[in-house]
Number of protein chains: 2
Amino acid sequence: MKIAIAGLGTVGAETARQLLVHADHLATSAGQPLELVAVSARDAAKDRGFSMAGISFEPDPTALAGREDVDCVVELIGGEDGPALALVEKSLEQGKSVVTANKALLSKHGQRLAELAEAKGVSIAGEAAVAGGIPCLKMIREGLSGNQISRVSGILNGTCNYILSTMEETGRDFDDVLAEAQSLGYAEADPGFDIDGIDAAHKLSLLASLAFGIAPAFDQMVISGIRSVNALDISCADNLGYVIRLLGIAERVDGSISLSVQPTLVPKSSQLAKVTGPLNAVSVDGQPIGNVTAVGPGAGAGATASAVLADIIDTARGRVSPFFGWDAGSLSPCHSPDDTGKQNSFYIRLTVYDRPGVLADVTAVLRDHHMSVESLIQQGRSDEGVNGSVPVVITTHEADSTSLQGAIAGIRSLDCVLEDPAVMVIADTSDDS
Amino acid sequence: MKIAIAGLGTVGAETARQLLVHADHLATSAGQPLELVAVSARDAAKDRGFSMAGISFEPDPTALAGREDVDCVVELIGGEDGPALALVEKSLEQGKSVVTANKALLSKHGQRLAELAEAKGVSIAGEAAVAGGIPCLKMIREGLSGNQISRVSGILNGTCNYILSTMEETGRDFDDVLAEAQSLGYAEADPGFDIDGIDAAHKLSLLASLAFGIAPAFDQMVISGIRSVNALDISCADNLGYVIRLLGIAERVDGSISLSVQPTLVPKSSQLAKVTGPLNAVSVDGQPIGNVTAVGPGAGAGATASAVLADIIDTARGRVSPFFGWDAGSLSPCHSPDDTGKQNSFYIRLTVYDRPGVLADVTAVLRDHHMSVESLIQQGRSDEGVNGSVPVVITTHEADSTSLQGAIAGIRSLDCVLEDPAVMVIADTSDDS
């Protein structure tokens, strides 16, 4: 099979290097030689650690789609539109198979691109788009294809997980750890895409599509990032037996699908709590299997190249599937209601004036919204003075999000409450041993 | 696709029930209806929770292979030879695809059966044979096919893991927990197949074949079960920061493959330490990916049926692979040397007379065999009397197995040593976070 790679950043260069250095081993896995015939990148001359001898260079990536000597186009340019989209569309139209690592592209245009591939009788594969090297799309689409899936949850962003687990380990605060992550290259100079949960939401939209047969529904998702998680939250969670993870959860609740990406309290005894640093995890609940959880590197050149190579080998073996597990034209639209009626326990952190009667006011609001308190911790009182502020951390028994929103609005309006309450879901993880 | 199931024990009955109850969903996943047309079992009349209306019953399982209305034969009879082997052979010869959960059969005859399937242009699939519902064969053969795998390790027997983690949780001793596991149905009346490591070794032989391209090599494996693990070992391991797991490890060491199934000290910080109760885990190390670990139910009707259904759906989709990832005829024989030269740290528990000079004698033997002591704990001394016995627990720095065997032989010959030393490997796990 003759391969072209568009985009020679760290992942593209690593993929090319693997194809060249391990050609014999990969040919055995693929059942035929995998020949890298053409590449496209910004700079033809840059040394990327492999020899360009015998490999054509195309300044315009779209030209790869038109080459008669290419069977499979690997798109590693990135971006949800622009040249990446043009290349993928044109390649499929020309009857070439496509492998991509582009979660934004697949989340936005995946259904249409999969329909195009199916119409042309070629494949589009995107294992590298979700959770790096963990073969999670394959796991859901093929390995667990006999199940009725009820929930897919995951730690899907390595940057957030690195920040949260470093805060946990060191007791340091968010801004401090983010700055360090940026200096180490674990976080971008503009970190919003990661720490505001956008990247994880793109990935979750794809997992949910494969698990539930719905069209990718990025716009129906509740997304909140990790900027508001502070050192006190981490230490309170620890005292309560939890760690905090940015968790993407897609689950079936009373006939609709609930989709959320938010910082979540996860029991220390669960598999997900053991997922630290830049690792990712994907956990699937279904019947008849129960739960399966896979953990591995969520990013990095090697892990991503592993997933790209697996897709290339599947393509060469003819081991191809509709991208979403079944015909892209038959995906249902996702209608995720504002309140699915799902019951959760919640963690609420308030900053209140340290004066008599405050707790009575707060707990009265909770009672009026039918929210039952499980624990209440008033942290170390301020040094002195009736107007000093103190944090109060409350965990609740299960309630639906309408009750929660009513209670939070009521608490916010109390004049003893100083800052906007911080609220997190407490996970009900079924992988808890 | 028309399906026949041979063997209607708990797994066969659950597979049949899923095919009937979830026919529409499974047809969507498979891209075509999956029709159960015939079954074979000992007792035609038994109620197994599904209707036999429209399903033919064959008293002789081999008759299923001859039926013209069957495309795919599901073998759930069990046993490495006998009717299971006859059915699989005849089905493949007749050009029918086979799905099996039979690890003993695949470990013993897998290479020959895969060659037969490849010659006939049909598939033989056996995801359910290893680690129950975890799609680990698919993960190695397809999801990680672009990697040079250096090690596959796993917790592959749920019965052993249940016993070890219950001992850990309760402080109770082996015999007591085994008896309870038997009364709860988690262990067989004759438990040797599980607790002596045979079942795990069958599974490891298949994982190693897929990972390294070697013929299944059950007979080249170092196998030791969990009968000798006692409550003191569990508590000493705990004090040292470890838990004990029956670990199967296949790894590349200096050009040969080392294969072992043995109770192993695993750091509490590793993913594998979190695998408790009847869960299984499979952990793969390779380049460029690093490590991926998958955890899930290793046995039980639902988990095993999930894997059988996934194989049936792959077969229906034409998403088939050579069983071992590449041509069965090209597998290399496995030559696993007695001593691969691999360096391990070891845990050694001795029972010695409680008298002066004993530790000097023991440590002199270790020194003479170039084994360096990392820690030495003499447990609570016997009540009184110079001839009372006490346990001594030693952990060593890394040494090869020749040094270890020499040292153990030397220690055994000391007259202060009362019982055969108990020895376990201390894992060097790369999933350690």
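Residues numbered from 1 in each chain as written. Chains lettered and ligands numbered in written order. Predicted model: local features only at pLDDT ≥ 70, side-chain atom pairs only at ≥ 80, totals over all residues.

1. Quick word on the overall build of chain A
Using the following cut-off: The helix and strand labels rest on DSSP assignments: H or I over at least four residues marks a helix, E over at least two residues marks a strand, and numbering proceeds from the N terminus. The globule rule is 2.2 Å times the number of residues to the power 0.38, and the radius of gyration it is compared with is taken over C-alpha atoms. Burial is judged by counting other C-beta atoms within 10 Å of a residue's own C-beta: 20 or more means buried, 12 or fewer means exposed, and anything between counts as partly exposed, with every C-beta placed from the backbone. In this description, a residue-residue contact is defined by the distance between C-beta atoms placed from the backbone, which must lie within 7 Å.
Counting secondary structure elements, chain A contains 14 helices and 16 strands. For 433 residues, the compact-globule formula gives about 22 Å, and the C-alpha radius of gyration of chain A, at 24 Å, lands near that figure. Across its three principal directions, the C-alpha atoms of chain A cover 80 × 45 × 35 Å. Across the 433 residues that make up chain A, the buried fraction comes to 55%. In chain A, the proportion of contacts linking residues at least 24 apart, taken out of those at least 6 apart, comes to 74%.

2. What to know about the relation of the copies chain A and chain B
Formally: Residues reaching a pLDDT of at least 70 in both copies supply the C-alpha atoms on which the copies are superposed by least squares.
With an axial shift of 0.0 Å and an RMSD of 0.1 Å, the rotation relating chain A to chain B amounts to 180°. Taken together, the rotation and translation relating the two chain copies correspond to the operation of a two-fold axis. Of the residues that chain A buries at the interface, 100% are likewise interface residues in chain B, meaning the two copies contact each other through the same surface.

3. Some details on the pairing of strand β11 (residues 279-287) of chain A
Residue and element names in this part refer to chain A. Formally: We treat two strands as partners when DSSP finds at least two bridges between them.
By the criterion of burial, β11 is predominantly enclosed, with 8 of the 9 residues buried. Here β11 pairs with strand β12 (residues 290-297) via 8 bridges, running antiparallel. Each residue of the ladder has a partner; that of Gly-286, found in β12, is Gly-290. Between β11 and β12, which pair antiparallel one after the other, the connecting turn spans 2 residues.

4. A word on the confidence of the model for chain A
Our working rule: Known as pLDDT, the predictor's per-residue confidence is scaled from 0 to 100.
Per-residue confidence for chain A gives a mean pLDDT of 93; residues scoring 70 or more make up 97%. Interface confidence for the predicted complex, expressed as ipTM, amounts to 0.93; the pTM equals 0.94.

5. Here's the deal with the interface of chain A and chain B
Note on interface size: it is often stated as the accessible area lost on association of the parts. This is how the line gets drawn: Residue classes follow a fixed rule: Ala, Val, Leu, Ile, Met, Phe, Trp, Tyr, Cys and Pro count as nonpolar, while Asp, Glu, Lys and Arg count as charged, and any other residue, Gly among them, counts as polar.
Listed by partner, the interface residues are 48 residues for chain A and 48 residues for chain B. Breaking the side of chain A that touches chain B down by element, the ones donating at least two residues are α1 (10-21), α2 (23-30), α6 (136-143), β12 and α12 (301-317) of chain A. Residue contributions to the side of chain A that touches chain B peak at 9 residues, all from α12(A). Here the side of chain A that touches chain B is composed, by residue class, of 17 nonpolar, 24 polar and 7 charged. Pairing analysis gives 3 bridges linking β12(A) to strand β12 (residues 290-297) of chain B, with the strands arranged antiparallel. When the bridges of β12(B) are listed, A:Ala294 appears paired with B:Ala294.

6. With respect to the packing of helix α5 (residues 103-120) of chain A against helix α10 (residues 198-212) of chain A
Residue and element names in this part refer to chain A. Applicable threshold: Angular values range over 0 to 180 degrees, each being the angle between N-to-C directions of two axes fitted as lines to C-alpha atoms, with helices fitted over their stretch in contact. Geometric relationships in this document are graded by angle, where less than 35 degrees denotes roughly parallel, more than 145 denotes roughly antiparallel, 65 to 115 denotes roughly perpendicular, and other angles denote oblique. In a left-handed crossing the near helix is turned counterclockwise from the far helix by less than a right angle, and in a right-handed crossing that turn is clockwise.
Two elements in contact, α5 and α10, have axes whose closest approach is 9 Å; the angle formed by their N-to-C orientations is 50°. One finds that α5 runs oblique with respect to α10. Judged by the sense of rotation from one axis to the other, the crossing of α5 with α10 is left-handed. In contact with Lys-103, Ala-104, Leu-106, Ser-107 and Gly-110 of α5, α10 contributes His-202, Lys-203, Ser-205 and Leu-206. Of the residues contributing to the contact of α5 with α10, the split by class is 3 nonpolar, 4 polar and 2 charged.

7. Some thoughts on the nonpolar core
Defined as follows: Here a nonpolar core is just a set of buried residues of the types Ala, Val, Leu, Ile, Met, Phe, Trp, Tyr and Cys, joined wherever their C-beta atoms sit within 7 Å.
Core analysis: the biggest nonpolar cluster contains 285 residues, and A:Val74, A:Leu207, A:Ala208, B:Val74 and B:Leu207 have the highest contact counts within it. It is helix α10 (residues 198-212) of chain B that contributes the most residues to this core, 10 residues altogether. Once residues within four sequence positions are removed from consideration, A:Ala208 is found in contact with A:Val152, A:Ile214, A:Ala217, A:Ala250, A:Ile257 and A:Leu259.

8. Here's the deal with the packing of helix α7 (residues 158-170) of chain B against helix α8 (residues 174-183) of chain B
Residue and element names in this part refer to chain B. Running from amino to carboxyl end, α7 crosses α8 at an angle of 130°, the nearest separation of the two axes being 10 Å. By the angle between their axes, α7 is oblique relative to α8. Here α7 and α8 pass one another in a crossing that is right-handed. Of α8, the residues touching α7 (which contributes Thr-159, Tyr-162, Ile-163, Thr-166 and Met-167) are Phe-174, Val-177, Leu-178 and Ala-181. Among the residues making up the contact of α7 with α8, the classes are represented as 7 nonpolar, 2 polar and no charged.

9. Here's the deal with the pairing of strand β7 (residues 148-155) of chain A
Residues and elements named next belong to chain A. Across the 8 residues of β7, 6 count as buried, placing the element largely inside the fold. Across 7 bridges, β7 lies against β11 in antiparallel orientation. Looking at the pairing, Gln-148 lines up with Gln-287 of β11. As paired strands, β7 and strand β9 (residues 242-253) are joined by 4 bridges and run antiparallel to one another. From the neighbouring strand, Arg-151 faces β9, where its bridge partner is Glu-251.

10. Observations concerning α10(B)
All names here are of chain B. The test is simple: In this scheme, a helix's expected span is set at 1.5 Å multiplied by one less than its residue total.
Compared with the 21 Å implied by 1.5 Å per residue over 15 residues, the 21 Å span of α10 between its first and last C-alpha is a close match. For α10, a buried count of 15 out of 15 residues is recorded, marking the element as mostly surrounded by other parts of the structure. In the segment just after α10, Gly-213 is the residue with positive phi, at about 70°.

11. A closer look at the sheet that holds strand β2 (residues 35-40) of chain B
Residues and elements named next belong to chain B. Within the open sheet, the 6 strands sit side by side as β3-β2-β1-β4-β5-β6. Their pairing is parallel. Each edge of the open sheet is held by one strand with a lone partner, namely β3 (56-57) and β6 (124-125). Pairing analysis gives 4 bridges linking strand β4 (residues 72-75) to strand β5 (residues 97-100), with the strands arranged parallel. The residue bridging Val-73 from the neighbouring strand is Val-98, located in β5. Docked against the sheet, helix α12 (residues 301-317) engages β1 (2-6), β4, β5 and β6, running at close to 165° with respect to β5.

12. Remarks on the environment of A:Leu279
All names here are of chain A. By the secondary structure assignment, Leu-279 is in strand β11. Overall, Leu-279 belongs to the buried group, with 28 C-beta atoms counted inside 10 Å. Taking the C-alpha atoms as reference points, Leu-279 and Gly-132, separated by 147 residues in sequence, lie 9.3 Å from one another.

13. Focus: helix α2 (residues 23-30) of chain B
All names here are of chain B. We apply this condition: Throughout, the arc means the angular range of directions from the helix axis out to the C-beta atoms.
Buried within α2 are the following residues: Leu-26, Ser-29 and Ala-30. Summarising the axial view, the buried residues of α2 lie within an arc of 90°, below the 170-degree limit, and thus occupy one face. Structurally, α2 contributes buried residues whose contacts are with α1 (10-21) and α12. Gly-31 sits one or two positions beyond α2 and adopts a positive phi of about 75°.

14. A short note on the sheet that holds strand β5 (residues 97-100) of chain A
Residue and element names in this part refer to chain A. The sheet built from 6 strands is open, its strands ordered β3-β2-β1-β4-β5-β6 with parallel pairing. Among the strands making up the open sheet, the edge pair consists of β3 (56-57) and β6 (124-125). With respect to the sheet, helix α4 (residues 82-93) is in contact with β1 (2-6), β4 (72-75), β5 and β6, its orientation differing from that of β4 by roughly 165°.

15. A closer look at the domain arrangement of chain A
Residues and elements named next belong to chain A. Quick reminder of the rule: The source of the domain bounds is an automatic or database domain assignment.
One can read the domain layout of chain A as domain 1 (2-129), domain 2 (141-297) and domain 3 (345-426). Put simply, the middle of domain 2 and the middle of domain 3, counted by C-alpha atoms, are 25 Å apart. Each partner contributes residues to the interface: domain 2 has 11 residues there, and domain 3 has 12 residues. Counting residues per element, the ones that place at least two in the side of domain 2 that touches domain 3 are α11 (231-240), β9 and β10 (256-267).

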